[in-house]
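Inside the fold
Given next are the chains, with one letter for each unit.
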There are 2 protein chains.
Amino acid sequence: MVSKNQIKLISSLHQKKQRSANQLFFAEGVKVIQELLQSNFELEHLYTTSNDFESVQASKRTVINEQELKKISALSTPNSCLAVFKIPADNPVIESGLILALDDIRDPGNLGTIMRLCDWFGIKQIICSKETVDIYNPKVVQATMGSITRVNVNYIDLKAFLNKTKLPVFGTFMDGENIYKSNLPQDAVIIMGNEGSGISAEIEKMITARLTIPRFGDLQKTESLNVASATAIVLSEFKRNS
Amino acid sequence: MVSKNQIKLISSLHQKKQRSANQLFFAEGVKVIQELLQSNFELEHLYTTSNDFESVQASKRTVINEQELKKISALSTPNSCLAVFKIPADNPVIESGLILALDDIRDPGNLGTIMRLCDWFGIKQIICSKETVDIYNPKVVQATMGSITRVNVNYIDLKAFLNKTKLPVFGTFMDGENIYKSNLPQDAVIIMGNEGSGISAEIEKMITARLTIPRFGDLQKTESLNVASATAIVLSEFKRNS
């Protein structure tokens, strides 16, 4: 059984402020929870409707019923389990290889998809502006499908970082160089901008190489690519000849 | 003011069965509605909270308040307008150029993102298995951002189509030929599979060229790309040298 206090705590973890205050977040679903358990993430408590996860010590595992799960879940159709984990301490930024920098990505599904893409393409480091959606947001954790355990994410002052870095800084714009014909290095920062407004003016000034993804559709009408789609194409281009 | 019968009708259009029965669907938001109005879609009725859309004839335009909009909207945070359109008659399948075939894509956001990608890359034709989510689902219409007006979509018996077509049929698998090193034609069918189970066994038999998107991350763990991300990369590869 799940106590009123536990329900209250887990419900509070839907909010970033409470996740920060408690240094806790939660994940749902067997696959994501298993990946977190097998990684360096430290389990606080597991709630499950079945007898799975037998390797988890009894004091950290509570079998609950479906009504109870519904009360604590962030999903409209709850899975069979929910686990609360400690938020790990920040690792330092890995300043080599390809670094993906996110300038105010607001949609949790987009951030989760972008983390899966980084995982696929072997990108080890994401840096996010402080306005970017929190990676421990339950919808982000869900959308990462476990890749949250394999990509290092830091929330930093992007402008200060770009001011200091010696790496070239790439961004995609409508008027950049054709990405299909560009020589792309294997050590670089790649900036992806906000869903509605793109890369902010302040960050744009710090870009050393402007790229464009050519458009083949109706040039008058086709407006833009979704930021996760654009990230897929950009990362594929950086890696395809590596 | 919006009448009880109008609310009932619009609410019923959340369901595919009712959209088919009435041959109507609805769209929300100024941008999407404007694109539909400027295309061949025929307006049934427009509901708006402001005095915009003045070019729409008065008999087809009702100014409503925010409470009324909330009652008919499919969005948790309604926009300023909602418009009901007639579902147009099917056009024949354009059997030339690149055709994207969707084998049971179930997530509305994925289908909308894939339509935007087709629009960007100038792909004029999508064919969907009958189990693929309906393009007139309100969440799909929203996610297409207007590209629904520029891509021809048909729901057909994929197996029968692939049996007859003379075009080469491409699909992505874990064990295919490296897509980055393949010679990709400009007339072909490209199959994208279901979110969970990939391309179905029945359709897989009809594929004439197996491709793979190389993985650069941890080969033991990174599991898969989201289907919209995979579509972005595949379409980019087919078009980049065209």
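Scoring rules and cut-offs
Residues numbered from 1 in each chain as written. Chains lettered and ligands numbered in written order. Predicted model: local features only at pLDDT ≥ 70, side-chain atom pairs only at ≥ 80, totals over all residues. Heavy atoms only, no water. UniProt positions renumbered as here; feature names shortened; annotations may be inferred. Domains from an automatic or database assignment. Contact = heavy atoms within 4.5 Å. Buried area = accessible area lost by both parts, 1.4 Å probe. Salt bridge = Lys/Arg side-chain N within 4 Å of Asp/Glu carboxyl O. Polar contact = N/O pair within 3.5 Å; in protein donor to acceptor, adjacent residues only side chain to side chain. Helix = DSSP H or I, 4+ residues; strand = E, 2+ residues; numbered from the N terminus. Least-squares fit on C-alpha atoms with pLDDT ≥ 70 in both.

If you check an unreviewed UniProt entry, chain A appears there as RNA methyltransferase from Flavobacterium reichenbachii. Recorded in UniProt under Sequence similarities (unreviewed entry), the annotation for chain A is "Belongs to the class IV-like SAM-binding methyltransferase superfamily. RNA methyltransferase TrmH family."

Next up on the list: the domain arrangement of chain A. Residue and element names in this part refer to chain A. Looking at chain A, the domain boundaries give domain 1 (4-86) and domain 2 (98-240). Each of domain 1 and domain 2 has a C-alpha centre, and these two points are 30 Å apart. The interface of domain 1 with domain 2 comprises 16 residues on the first partner and twelve residues on the second. For the pair domain 1 and domain 2, the two sides together bury roughly 1200 Å², of which 64% comes from carbon and sulfur. Seen at the junction of domain 1 and domain 2, the total is two salt bridges. Linking domain 1 to domain 2 there are five residue pairs in polar contact (both at pLDDT 80 or more). Listing elements by their share of the side of domain 1 that touches domain 2, those giving two or more residues are α2 (16-22), β1 (24-28) and α3 (30-37).

So, about the interface of chain B and chain A. Contacts between the two partners involve 32 residues from chain B and, on the opposite side, 32 residues from chain A. Across the chain B to chain A interface the summed buried area is about 3100 Å²; carbon plus sulfur atoms make up 57%. Interface area lost by chain B to chain A is led by Trp120(B), Phe216(B) and Arg240(B), which between them contribute 27%. A salt bridge links Glu237(B) to Arg240(A); the shortest N-O distance between them is 2.8 Å. Linking chain B with chain A are 14 residue pairs in polar contact (both at pLDDT 80 or more).

Attention now goes to the environment of Thr149(A). Residue and element names in this part refer to chain A. Assignment of secondary structure puts threonine 149 in the loop between α6 (138-144) and β7 (152-155). Ignoring any residue separated from it by four or fewer positions in sequence, one finds threonine 149 in contact with Glu35, Leu36, Ser39 and Phe41. Among the polar contacts listed, one links the side chain of threonine 149 to the backbone oxygen of glycine 146, at a separation of 2.8 Å.

Mapping chain B onto chain A leaves a residual RMSD of 0.0 Å; the transformation is a rotation of 180° accompanied by 0.0 Å of translation along its axis. With respect to symmetry, the two chain copies, as superposed, fit the operation of a two-fold axis. With an isologous cut-off of 70% or more, the 100% of interface residues of chain B that recur at the interface of chain A puts this contact in the isologous class.

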